[in-house]
Amino acid sequence: MEESPPPSPEPEQQPPDRELVARTQAGDSSAFDQLLIRYQQRVYGVIHNMVNNHADTNDLLMETFSKAYQNIHSYKADAAFYTWIYRIAVNQTINFLKRNKSRHNISMDDDSEDMESQKEFIDTALSGDVERQNKISELQKKLNESLMKLSEQHRAVVTLFDVQGLSHTEIAKIMGCSEGTVRSRLFYAHKQLQKNLKGYV
Amino acid sequence: MFNTKRNEEDFSQIQKLLATKRMEMPSQSYFNGVLHEFHQRQRAMSVQPRNSFITRLVAQWESICETLIPRPSLRYAYAVAGLAVLLAVGLNESWNAGSQEAPTLSLQTEQPENKGFAFAEALAPQQVSTVDQQIDAASIDPVRLDNKHVMPHYVMAQAPTSYDTTMAF
């Protein structure tokens, strides 16, 4: 059975994922290009909220789509394509974070500033007077720090649920665990975030 | 069982804050270049030299794991199980092959290879005739020469009267 559509549904005119996947499997690489264009922002969002670093996100985004392209023949149509690509992205990112734990901890300290200084990042929340902007900026920095204190698994669940807007069922499929585990991780993660952001929210 | 409604109420502020992270995106110009970069990387990968068999095997396994087995702890279990199956199949094959063609011990003793024999064989057709050749042949394999190719005989029946053991220049 086809999953519920992803948070930002594909335009009506464009061919469905299943057709594009079938064409890719048949050797039409331009079909995969369409899939990449369709999902690049969402996959970027998942990875970026887990690593909090643009350069690493870009590398992981490339690796994710590269792996998906190489293993497109192993994709089975019983799951939605975006579930499959999210799974690859999450697994790639978790592996990356585990491999680079020491380096990651150092880079995270600088990353909030790095993100704020990046002019290419669009933050619609940052509009209005300067004082409000500063407060929001400080809050976002604190939020990012709190997120980075969570384990990779908890961060992934929070990212998929709260940022990407996926359901517990979808997250369970992506993470390869039960819905109960997803709920449990989500509860724990929210609790930790609330504790770390005490005084801000 | 968690009280979902209560949790939602409790964490609503956190969830609102997390929802603002949806806006954290690079500009559209970055995403316009993603496909181009992807194609570049794919081309670069295709011209890279082929890795060793083991490296490719490990890479393939990692690729399969990342695609199909989300839990890292289970990957090792699957790898061990896979190796165990391969080992069992391999042992079974070798056992079957062994039972069909059981190794036997030969009671025949092999003659040690005589290197001199080859030299003697090479000399034989030429009918060792001269004294020097006879001496050379005898030094290589006297037994062989005595039995087959050259009849045993004295090179000289007796020393000539003019034989002088000293050499004068």
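Residues numbered from 1 in each chain as written. Chains lettered and ligands numbered in written order. Predicted model: local features only at pLDDT ≥ 70, side-chain atom pairs only at ≥ 80, totals over all residues. Heavy atoms only, no water.

Q: Can you walk me through the overall build of chain B in this structure?
A: Per the secondary structure count, chain B includes eight helices and zero strands. Across the 169 residues of chain B, 20% fall into the buried class. When contacts within chain B are restricted to residue pairs at least 6 apart in sequence, long-range pairs at least 24 apart make up 29% of them. Of the accessible surface of chain B, which amounts to about 13,800 Å², a share of 60% is contributed by carbon and sulfur atoms. (Helix = DSSP H or I, 4+ residues; strand = E, 2+ residues; numbered from the N terminus. Buried < 20%, exposed > 50% of the residue type's maximum accessible area, 1.4 Å probe, protein only. Contact = heavy atoms within 4.5 Å. Areas by Shrake-Rupley, 256 points an atom, 1.4 Å probe, with all protein chains shown as cover.)

Q: Would you mind showing me how to read the overall build of chain A here?
A: A tally of regular secondary structure across chain A gives nine helices and zero strands. Scored against the burial criterion, the 201 residues of chain A give a buried share of 53%. A separation of at least 24 residues holds for 65% of the contacts in chain A among residues at least 6 apart in sequence. Accessible surface, chain A: about 9,200 Å² in total, of which carbon and sulfur atoms supply 51%.

Q: I'm lost on unusual backbone geometry in this one. Help?
A: Among all residues save glycine, negative phi is the norm, and among peptide bonds the norm is trans. Residue and element names in this part refer to chain A. The backbone phi angle of Asn-52 is positive, close to 60°, even though this residue is not glycine. Mapped onto the secondary structure, Asn-52 falls in the loop between helix H2 (29–51) and helix H3 (54–70). Asn-52 sits in the buried class, given a relative accessible area of 2%.

Q: Would you explain the nonpolar core in this entry?
A: For soluble globular proteins, the rule of thumb is that nonpolar side chains tend to be buried together. In terms of nonpolar packing, the biggest core is built from 60 residues, with Val-43, Phe-65, Phe-81, Tyr-86, Leu-160 and Met-175 of chain A touching the most fellow members. Those residues in contact with Tyr-86 of chain A, other than ones at most four positions away along the chain, are Arg-42, Val-43, Val-46, Leu-160, Gln-164, Leu-166 and Ile-174 of chain A. (Core = buried A, V, L, I, M, F, W, Y, C linked by side-chain atoms within 4.5 Å.)

Q: Just checking my understanding: could you explain helix H6 (residues 130–149) of chain A for this structure?
A: Helical geometry note: an α-helix holds 3.6 residues per turn, so side chains three or four residues apart project in the same direction. Along its 20 residues, H6 of chain A runs 29 Å from first to last C-alpha, staying within 8% of the 28 Å computed at 1.5 Å per residue. Three or more residues of H6 of chain A are buried, namely Ile-136, Ser-137, Leu-139, Gln-140, Leu-143, Asn-144, Ser-146, Leu-147 and Met-148 of chain A. (Expected span 1.5 Å × (residues − 1).)

Q: What exactly am I supposed to notice about the packing of aromatic side chains here?
A: Any aromatic ring pair is given by two values, namely how distant the centres are and how the planes are angled relative to each other. Residue and element names in this part refer to chain A. A full pass over the atoms with the stated rule returns 13 aromatic pairs over all chains. For the pair Phe-32 and Phe-65, a centre-to-centre distance of 6.3 Å together with 75° between the ring planes defines the contact as edge-to-face. Of this pair, Phe-32 sits in helix H2 while Phe-65 sits in helix H3, and the two are 33 residues apart along the sequence. Under the relative-accessibility criterion, Phe-32 is labelled buried at 0%. The exposure class of Phe-65 is buried, given its relative accessible area of 1%. An angle of 85° between the planes, with centres 5.9 Å apart, marks the rings of Tyr-82 and Tyr-86 as edge-to-face. (Phe/Tyr/Trp six-rings, centres within 6.5 Å; stacked < 30°, edge-to-face > 60°.)

Q: Please clarify how the interface of chain B and chain A should be interpreted in this entry.
A: Accessible area lost during the coming together of the parts is what is often quoted as the interface size. Between chain B and chain A, the residue contacts involve 38 residues of the former and 58 residues of the latter. Roughly 4,500 Å² of surface becomes buried between chain B and chain A when both sides are summed, with 59% attributable to carbon and sulfur atoms. The interface formed by chain B and chain A contains one salt bridge. Taking the shortest distance from any N to any O, the salt bridge between Arg-41 of chain B and Asp-59 of chain A comes out at 2.8 Å. (Buried area = accessible area lost by both parts, 1.4 Å probe. Salt bridge = Lys/Arg side-chain N within 4 Å of Asp/Glu carboxyl O.)

Q: What is the right way to read a nonpolar patch on the surface from this model?
A: All names here are of chain B. Taken together, the side chains of Phe-53, Ile-54, Leu-57 and Val-58 make up a nonpolar region of the molecular surface, amounting to roughly 410 Å² of accessible area. With respect to the helices, strands and loops of the structure, Val-58 is situated in helix H4 (residues 53–68). The exposure class of Val-58 is partly exposed, given its relative accessible area of 42%. (Patch = residues over 30% accessible without salt bridge, like charges linked within 9 Å, V, L, I, M, F, W, Y side chains within 5 Å.)

Q: Explanation requested: helix H9 (residues 179–196) of chain A in the structure shown.
A: When the terminal C-alpha atoms of H9 of chain A are compared, their 25 Å separation across 18 residues agrees well with the 26 Å that a helix rising 1.5 Å per residue should span. Among the residues making up H9 of chain A, those that are buried are Val-182, Arg-185, Leu-186, Ala-189, His-190 and Leu-193 of chain A. For H9 of chain A, the arc enclosing every buried residue in end-on projection is 135°, short of the 170-degree limit, so these residues lie on one face. The inward-facing, buried residues of H9 of chain A contact H6, helix H7 (152–163) and helix H8 (168–175) of chain A together with helix H2 (12–19) of chain B. (Arc of directions from axis to C-beta.)

Q: Honestly, the pattern of salt bridges in this entry has me stumped. Any pointers?
A: Opposite charge on two side chains allows them to pair when their charged atoms are near. Residue and element names in this part refer to chain A. Scanning all chains against the criterion turns up seven salt bridges over all chains. Between Glu-179 and Arg-183 there is a salt bridge; the shortest N-O distance is 3.9 Å. In this pair, Glu-179 and Arg-183 are both assigned in helix H9, four residues apart and thus about one turn of the helix distant. Taken together, the shared-partner salt bridges in this structure form one network comprising Glu-19, Arg-23 and Asp-28.

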